Amino acid sequence: MSKPPPSPPQQVIQLRRDYNSWVARESLEDYALRFTPRRFRQWSLWRVANTALGGAASFLVLEAVGATMLVQAGFFNAFLAILLTGLVILLAGLPISVYAARYGVDMDLLTRGAGFGYIGSTVTSLIYASFTFIFFALEAAIMAYALELGFGIPPVAGYLLCALLVLPLVTHGVTAISRLQSWTQPLWLLLLVLPYACLLWQEPEALQGLWHYPGAQGTGMQFDLRSFGAAFAVGIALITQMGEQADYLRFMPPRTAGNARSWWLACLLGGPGWVLPGVAKMLGGALLAWLALRNAVPLAKAVDPNQMYLIAYSHVFSDGKLAIAATTLFVIVSQLKINVTNAYAGSLAWSNFFSRLTHSHPGRVVWVVFNTVIALLLMELEVFQALGQVLALYSNIAISWIMTVVADLLINKPLGLSPHGIEFRRAYLFDINPVGLGTMTLASLLAVAAHLGALGEVAQALSPLVAMCAALLLSPLFAWLSGGRYYLARAPRPVRMPITAACCASASMKPRTSWFARRIRGISARCAARWTYAAVICASRRPRWRHNGRACCSGCCHGACSPICNAGWGITCC
């Protein structure tokens, strides 16, 4: 008869137990640090797709970006840049969406298994989190201007109000967000389509005037490489939106023989499909900005969506008060729909980032507040006034990250340079995978250097394309040079659960029932240190099944799995 396993050297105190119980409420936590189990992926395909598409298609920064591109480059160059932006996001977003939906992983876990490693993906979590609070600030600033337009609320107070409105909508995760998107979608569609329909019915010649608009510098009547590149750099920053789409698509039900066609269509619509209305909205923003400039609206205000849609709704209502009311309502609905997504995605990114730095997790809700506070500070600094400069610089880093992930999914895995599937479990990963992290770093450095003019005028104009091409070339090169050895620290072995199973991260170490074994089979790995693989590490968030709220036995063995299992090859417990 085998001896019972020894007690773990570190016990979980009662205060920590209560704390973990709060974190264990998945209605609040939404599987912030691990993949989404099948039992939670019970919504319909179209509800998940609508939730993902509803926020992404609604944000008014799209119109602001289109207007900024128009003013900087003229319509012809802006038009080409918008089309190229849409094409790149569509092609890059499809593999990200499919893998996220197939494996039930958010953008952090997807990045972790696509060539970055456990700690390497922490860097990208910071990049992703910065995207969410930058765009949260931009969207909330637009909403604050709408409150000033409709109710006379000063922008400083409006910033705070816009931030506070989002918090109660995000704390209960994707369940509450899904309801919000479903309830507001019909109203939002009506308010979006109505002004354009009336405008084009009353003034069809506006399109001809827009086509000949040369831009603020008067150089956009014909193709200009520098103007085109500057416009593309602003637009392509939106590619990071695919991370937010992945965060929703992980709740997609598994693909079966009976739902295969619907599953692929839902992945397309809920994933890169947002870029189709997105391109239309950028072009619409260019049209409305041109109308605002034609009506003697100052250049700085012509790129504000509030002024754009006030012009548009003046073609619907002859009464100015009704036009202001409709504009205010439309902007508030649009910005609430997107900012719940920004706040939600930011909470996931910060949860993953700080859980690795601090080895603890206070709960996703804490990071919702944290992300909102940072966005509020940016709003107070008037970040919207520097929209073009902020997005142009950020896009070089964002596209380096996204295209590195895409290169691994589309090139390395089909060629056998990296393992098939997405291995995100900590027990099987190196801390740093030089393939992903090295590719992203070099591509970012090249792109930023090009953006600053160090590589010549042509490269400066096309710095996002420099980042994209560098990532697509360097990722398979590094994977080939390394032989793919840094993707897996040890080969994953099936965890064959006995009738009773003990989790080495558990506080009590009591054997669990077969029901427990079934629940954690897909979220567990063999312990590399304790009892010669006799125990398992599970990623459950139940407080009694985890140690200090983490899917790791580091509290029990104090990182012993590094020298025992991997002889110091960069493996440490979380």
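Criteria and thresholds
Residues numbered from 1 in each chain as written. Predicted model: local features only at pLDDT ≥ 70, side-chain atom pairs only at ≥ 80, totals over all residues. Heavy atoms only, no water. Helix = DSSP H or I, 4+ residues; strand = E, 2+ residues; numbered from the N terminus. Buried < 20%, exposed > 50% of the residue type's maximum accessible area, 1.4 Å probe, protein only. Contact = heavy atoms within 4.5 Å. Expected span 1.5 Å × (residues − 1). pLDDT = per-residue confidence, 0-100. Axes fitted to C-alpha atoms, helices over the stretch in contact; angles between N-to-C directions. Parallel < 35°, antiparallel > 145°, perpendicular 65-115°, else oblique. Left-handed = near helix turned anticlockwise from the far one by under 90°.

## Describing the overall build of the protein chain
When its secondary structure is counted, the protein chain shows 24 helices and two strands. A buried classification covers 60% of the 574 residues belonging to the protein chain. Here the contacts in the protein chain between residues at least 6 apart in sequence split such that 81% fall between residues at least 24 apart.

## Some remarks on the environment of Leu 391
Within the fold, Leu 391 resides in helix 18 (residues 387-412). C-alpha of Leu 391 to C-alpha of Ile 236: the two residues are 155 residues apart in sequence and 8.4 Å apart in space. In contact with Leu 391, other than residues within four places in its own chain, are Val 65, Phe 135, Ala 233, Val 234 and Ala 237.

## A look at helix 6 (residues 120-151)
For helix 6, built from 32 residues, the straight-helix expectation of 46 Å at 1.5 Å per residue is met to within 8% by its first-to-last C-alpha distance of 47 Å. Gly 152 sits one or two residues past helix 6 and shows a positive phi near 75 degrees.

## Things to note about unusual backbone geometry
Positive phi, normally seen in glycine, also occurs at Ala 296, with a value near 70 degrees. Counting through the fold element by element, Ala 296 comes out in the loop between helix 13 (275-294) and helix 14 (299-302). On the accessibility criterion, Ala 296 (66% relative accessible area) is exposed.

## As for the confidence of the model for the protein chain
Confidence in the prediction of the protein chain, expressed as mean pLDDT, is 78, and 77% of residues score 70 or more. Highest mean pLDDT in the protein chain belongs to helix 21 (residues 463-482) (93); lowest belongs to helix 24 (residues 561-566) (38). pLDDT under 50 marks residues 498-521. Its contacts with residues more than four places away, or in other chains, come to 62 contacts. Confidence drops under a pLDDT of 50 for residues 529-534, and excluding neighbours within four residues, the segment shows 21 contacts in the predicted structure.

## Quick look at the side chain of Gln 181
Note that Gln 181 resides in helix 8 (residues 173-202). Ignoring anything within four residues of it in the chain, the contact list for Gln 181 reads Asn 50, Thr 51, Gly 54, Gly 55, Lys 337, Val 340 and Thr 341.

## Let's talk about the packing of helix 16 (residues 320-358) against helix 17 (residues 364-380)
Packed helices, taken two at a time, are described by the angle between their axes plus the distance between the axes. At a closest axis distance of 8 Å, the pairing of helix 16 and helix 17 adopts a crossing angle of 110 degrees. In terms of orientation, helix 16 and helix 17 fall into the roughly perpendicular class. The two elements helix 16 and helix 17 cross, and the hand of that crossing is right-handed. Judged by residue contacts, Asn 342, Ala 343, Tyr 344, Gly 346, Ser 347, Leu 348, Trp 350, Ser 351 and Phe 354 of helix 16 engage Arg 364, Trp 367, Val 368, Phe 370, Asn 371 and Ile 374 from helix 17.

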